[in-house]
Amino acid sequence: MSKMNVEVMEQLLKDLAANVGYDLIPAPFDTPFEEASIERLTDSKQFFWTVPASVLNSKEHEDFRKMCIEADIIDTVCTTSFSWPSDEGDHVVILLIDVTRRRRGSIKFVDATAWDISDETDMAAVCNMLIHDLFPGEHHLAFQMNEDAMDEGLDDCWNEQVCIYAACDVNSLHPNDYLHKLGYGKAGMCLVADVFDIRFPITAKDIAELNKPAILLSTTGKLSPQIIEPKKDVNYIFDDKMLLVPNDGYQVDFEFALQLFGKEEVLRQLPITRKITLNDMWRVQLEQSGLYKKSINDLLALLNECNGVADNS
C-alpha cells in the first residue's frame, strides 16, 4: 500500500474516531500491541488503538490481551474492511479503549468488514454499530443512512455484526469468535423454524390447546428449556416465555432437544443483552441428527410419491 493510501486510511480512521467521541492514537500503524507501547499512547481517556487482526487471538499476545481484559479498559473491538499496511492478508482492527468504561465487565464486538468507511453511507453504518448496542430502529439511528443500505446491511444483519460479551468469558479478542454468522444449508444442521411452530407471545390458551408435547423457553437470560405435556394443569407464568410446538410430520426427541437448547453453540446464536424475539429464534441452527425423525405417515407419503413418479416414467 502506498504512503498516500496509508495517509488516507489514517484520516478516515481519525474521522471515524471523532464521530463517536474518540481520538486516534499517534502513529496508528507503527504502535505495537504490547505493554511497552502504553507510554506512547494519547493522554485521552477514550481513544482508538489500531492493531492487526492477527494479534487478537495469537499465543504471542495472550498475556497482554489478558492484562487489558482484566484492567477492564477495552470497550469495543471492531474489525474493519481495511488491509493492514504491511500485510495485505491482515485486517485493521480498532480497539476502543475507554478508561471511563460505561460498559463495565463486558466487551462489545463489531464486525465491520462488509463496510467501506470511505463511503459516506458505510461510514454512518459503522458509526451506528459502534454507538448502538442494539439495532434501535430506523428512526433512532445516531447517524442517518440510505434506506436501502440500512435495511440490507443493518436491520437484517445486526446480530451478525454486533454482540456484547461478558469480559470474564473473553479469551480471544477476535469478533468472529463471538459473532454468529448464518449459514443456511449447512450440512447436518436445520433451522428451528424447520422443525417447530414458534408461538410468541403465549397465553394459557396456547397451552390448553396443545395436542402434543412442546418446549417452553425463557426469552431472558439462558433459555431454560422445559417440556410441556398436553392436557395437564400447568401453573406457569407466561411472561417472557416462548413456545416451540413440533411441526406436523416431525417426531422430536425432546430429551435431545433440551440438551441442544442448553448448548453454548445455540446460546451464542442469540442476543445476550435483551429479550429474544420470534425473529431471533426462527433462524437458530440446531444439530439435525438425533433431534427428530419423520413420522411414519410422512415416510409413506414420500414413498407413494416416489412410486407415482416411477409409474409415470
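Residues numbered from 1 in each chain as written. Predicted model: local features only at pLDDT ≥ 70, side-chain atom pairs only at ≥ 80, totals over all residues. Heavy atoms only, no water.

Right, let's talk about the pattern of salt bridges for a bit. Per the stated rule, a full pass over the model turns up eight salt bridges. Where K263 meets E287, a salt bridge forms, and the shortest distance between an N and an O atom there is 2.9 Å. Of this pair, K263 sits in the loop between α8 (254–260) and α9 (264–267) while E287 sits in strand β13 (residues 285–287); the two residues are 24 residues apart in sequence, bridging distant segments of the chain. Owing to a relative accessible area of 31%, E287 belongs among the partly exposed residues under this scheme. (Salt bridge = Lys/Arg side-chain N within 4 Å of Asp/Glu carboxyl O. Helix = DSSP H or I, 4+ residues; strand = E, 2+ residues; numbered from the N terminus. Buried < 20%, exposed > 50% of the residue type's maximum accessible area, 1.4 Å probe, protein only.)

Attention now moves to empty space enclosed by the protein. This structure, assessed with the given rule, holds two cavities of 30 Å³ or more. Of the voids in this model, the second largest cavity is the one considered here, and its volume is about 40 Å³. Lining the second largest cavity, in full, are L16, T80, S81, F82, A112, W115, I117 and V126. (1 Å grid on protein atoms, 1.4 Å probe; cavity = no way out; pocket = protein on both sides within 12 Å on 5 of 7 lines; lining within 4 Å. Points joined across faces, edges and corners; volume = space filled by probe spheres on them.)

Once that is clear, we can look at helix α4 (residues 147–155). All of the buried residues along α4 are M150, G153 and L154. Along the axis of α4, the buried positions cluster into a sector of 100°, meaning they face one direction only. Away from its buried face by more than 90 degrees, α4 exposes D148 and E152. Where α4 starts, the residue carrying a side-chain oxygen 2.9 Å from the main-chain nitrogen of D148 turns out to be N146. (Arc of directions from axis to C-beta. Polar contact = N/O pair within 3.5 Å; in protein donor to acceptor, adjacent residues only side chain to side chain.)

So, about helix α2 (residues 62–71). Given 3.6 residues to a turn, an α-helix orients residues that are three or four positions apart in the same direction. For α2, the set of buried residues is F64, R65, C68 and I69. The buried residues of α2 all sit within an arc of 140° when viewed along its axis, so they share a single face. In this structure, α2 carries D63 and E70 as exposed residues pointing more than 90 degrees from its buried face. Buried-residue contacts for α2 involve β2 (46–52), β3 (74–84) and β5 (106–111). Just beyond α2, the residue with positive phi is D72, at close to 60°. (Contact = heavy atoms within 4.5 Å.)

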